[in-house]
Amino acid sequence: MYIPSITTILASLFIIYLGNSIWSVAQLFRNIQCTSVPCYTSFLAINPNLQLAIFTSPTRSPIASETTKLLNIRRWDYTNEYEKEIKIDVPLKTRRNGTLYMQVVVALDSEKDLEWKTLRRDGPTVVHTFLLTEYVVPRPKTFNLLGETEKPKEKSMSRGKPVSHLYSSANVIMLTDLISVSQDDVPPEMANLFRINKNGEFLPIVRSDYFNTRLKDLVEITKNSTEMNINFHYSPVGVGKLRVMLMIELGTKSLSKMGFSRKEIDDMKEIFSNTNLYLLMGTFFVGGIHVLFDFLSFKNDVSFWRKKKSYEGLSTTTVLWRAISSMIVFLFLMDEGSSLLIIVPSGIGAFIEIWKCKKILKIDITLKGIKRITDTDKKESKTQQFDKEALKYLSYILYPLVIGGAIYSLLYHPHKSWYSWTLSSLVHGIYAFEFLFMLPQLFINYKLKSVAALPWRAFMYKAFNTFIDDIFAFIIKMPTAHRLACFRDDIVFLIYLYQRWLYPVDKTRIDNGLSVGSVDKVAEREEDVEQETKKDK
């Protein structure tokens, strides 16, 4: 009777959970139906003529003298997207580390433009107010480390302290689906958005676009920032995307209470921005499979190296290089403030690579101290000779490229600090030439005409994840160099697959972690035992 392993059970439960989550999100995109009375229909069902007006003010509930009118559109076509760059005057109160709000007004079209002092707050007039500023720590300034710096035109008001920043992009959405709902059918996340008029119609639902309100659009407000530009963007949305947006907004508020930083939450919002239902479901599925394959890859890699007794056919140089490069990449991603979806797997991978160095170097760490076991068989010595030969050829190519790239970056690119330049130079060398680190292992495979020593199950999980990374390279925020490295890894795995086809593995052989020579000795002993048994009979 077949008994599934714990890994199989956990993987199956994870896939079931993933499928249930995707189904739950898909249900949000179903149109809301009225199941009881009275039914409230959308005000937009009568196809009214509307106008759009935009105001700014330093307070949330301003008086007429505090507002500044930016835009007024008569006979506004709310069914199509609208975008315009607007120049705004920054009030003195805002420049003194204050706030700035935007009021978006949707009302019935009339012969006159909308004015704040004569604005009707009842009937079909809708006013949505949201914050245009945030208090954040200014981004570190970059400069040429050799001293050829350009003096900034404007001085920051504070060093290392949160100051007022303005969103250079203001994104607004409005629900345009002509739905009909009763009081019992209103989704909980939308309950506070409905306003009913005397005719039993709910007024247009206007919201700021939570997904596209991003930290990258923040621009520091200085004392001299009297005028600044804002890109205003309006887009109509359906009920499904609005519900997903509201639920994600509530969920991220819970995450912030749990200790997640605004930067990490901002990276999560990028996944959901500008996505339709099918792309959103695909993102959930691909992301879940990526996490599953990461787990299986780490598990099989650790299992392979834990059981390994002989390191014949494995390149020590490649293992050391991978450990060093993994650690440098991890530090670089931390310095760049990348997404946790990238940093966490990178950190776990770096730790595993360091642990593999301890195994292949045969270092024993105890309470008495650290010692290295120096006993190696002939097969391992042969592998080390090939490894040193490959490293010699590698140094002729790798070192000049990395040093040349570092000097070029120092001369022509600005950096935050010498630490940032060092990390950037090393990591760009790794991203550009990491496939060269695999040359020693490929060279050993060629010399031994064998790939049997490699952990192929872990490699295949990593290969699948590499192709998934190609998809995520366009979805998750990461440095451009890391994004390009995802495509470079495809070439590395294709070369390994070619060598596996060129040097086929005996699938009937049991992988017990022994070297080829050790296996031969065991086979000879077994033959001797069989012959002695026949003689006794």
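Quick note: structure is the one above.
Residues numbered from 1 in each chain as written. Predicted model: local features only at pLDDT ≥ 70, side-chain atom pairs only at ≥ 80, totals over all residues. Heavy atoms only, no water.

### Brief notes about the pairing of strand 2 (residues 50-57)
Of all 8 residues that make up strand 2, 8 are buried, and the element is covered over most of its length. Side chains Leu50, Leu52, Ile54 and Thr56 project from strand 2 onto one buried face, and the interleaved Gln51, Ala53, Phe55 and Ser57 project onto a second face that is buried too. Both strand 2 and strand 5 (residues 101-108) contribute to a ladder of 8 bridges, which runs antiparallel. Residue pairing across strands places threonine 56 opposite methionine 102, the latter belonging to strand 5. (Buried < 20%, exposed > 50% of the residue type's maximum accessible area, 1.4 Å probe, protein only. Helix = DSSP H or I, 4+ residues; strand = E, 2+ residues; numbered from the N terminus. Pairing = 2+ DSSP bridges.)

### A closer look at the environment of tyrosine 446
Note that tyrosine 446 resides in helix 10 (residues 439-448). Here tyrosine 446 falls in the partly exposed class, since its relative accessible area comes to 44%. Sequence-wise, tyrosine 446 and phenylalanine 386 are 60 residues apart; in three dimensions their C-alpha atoms are separated by 9.9 Å. Excluding residues within four positions of it along the chain, tyrosine 446 makes contact with Gln499 and Tyr503. (Contact = heavy atoms within 4.5 Å.)

### Re helix 3 (residues 239-257)
Relative to the 27 Å expected for 19 residues at 1.5 Å per residue, helix 3 spans 28 Å between its end C-alpha atoms, a close match to the ideal helical length. Within helix 3, burial applies to Val239, Gly240, Leu242, Arg243, Val244, Met245, Leu246, Glu249, Thr252 and Leu255. (Expected span 1.5 Å × (residues − 1).)

### Looking at the nonpolar core
Within soluble globular proteins, side chains that are nonpolar tend to cluster in buried spots. Grouped together as the largest cluster of nonpolar side chains are 32 residues, with contacts concentrated most on Leu175, Met190, Ile205 and Leu242. For this core, the secondary-structure elements that each account for two or more residues are helix 1 (6-27), strand 9 (169-175), helix 3, helix 4 (262-272) and helix 5 (277-307). In this structure, methionine 190 is in contact with Ile32, Leu175, Ile205, Val239, Leu242, Arg243 and Leu246, ignoring residues within four places of it in sequence. Membership of the second largest hydrophobic core comes to 31 residues, among which are Leu52, Tyr78, Ile86 and Leu203. (Core = buried A, V, L, I, M, F, W, Y, C linked by side-chain atoms within 4.5 Å.)

### Thoughts on the sheet that holds strand 7 (residues 133-136)
Across the sheet, which stays open at both edges, the 3 strands sit in the order 7-8-13 with antiparallel pairing between neighbours. Looking at the sheet topology across the chains shown, the edges are occupied by strand 7 and strand 13 (218-220). Put simply, the sheet's adjacent strands are angled 45° from each other on average, direction ignored. Pairing analysis gives 4 bridges linking strand 7 to strand 8 (residues 163-167), with the strands arranged antiparallel. If you follow tyrosine 135 over to strand 8, its bridge partner there is serine 164. (Axes fitted to C-alpha atoms, helices over the stretch in contact; angles between N-to-C directions.)

### Here we look at the pairing of strand 5
On any regular strand, side chains alternate: one points to one face of the sheet, the next to the other face. Of all 8 residues that make up strand 5, 7 are buried, and the element is covered over most of its length. Sheet analysis places strand 5 next to strand 6 (residues 126-131), joined by 6 bridges and oriented antiparallel. Residue glutamine 103 lies in a different strand from strand 6, and its bridge partner there is threonine 129.

### As for the environment of tyrosine 210
By secondary structure assignment, the location of tyrosine 210 is in the loop between strand 12 (206-208) and strand 13. For the pair tyrosine 210 and isoleucine 173, spaced 37 residues apart in sequence, the C-alpha to C-alpha distance is 9.4 Å. Discounting residues that sit within four places of it in the chain, tyrosine 210 has contacts with Met245, Ile248, Glu249, Thr252, Ile265 and Lys269.

### Side note on the sheet that holds strand 10 (residues 180-181)
Sheet strands pair by backbone hydrogen bonding; their relative direction is either parallel or antiparallel. Strand order in the open sheet made by the 3 strands is 10-1-11, with mixed pairing throughout. Edge positions in the open sheet fall to strand 10 and strand 11 (201-202), since each of these has one partner strand only. Pairing of strand 1 (residues 40-42) with strand 10 involves 2 bridges; the strand directions are antiparallel. What sits directly across from threonine 41, in strand 10, is serine 180.

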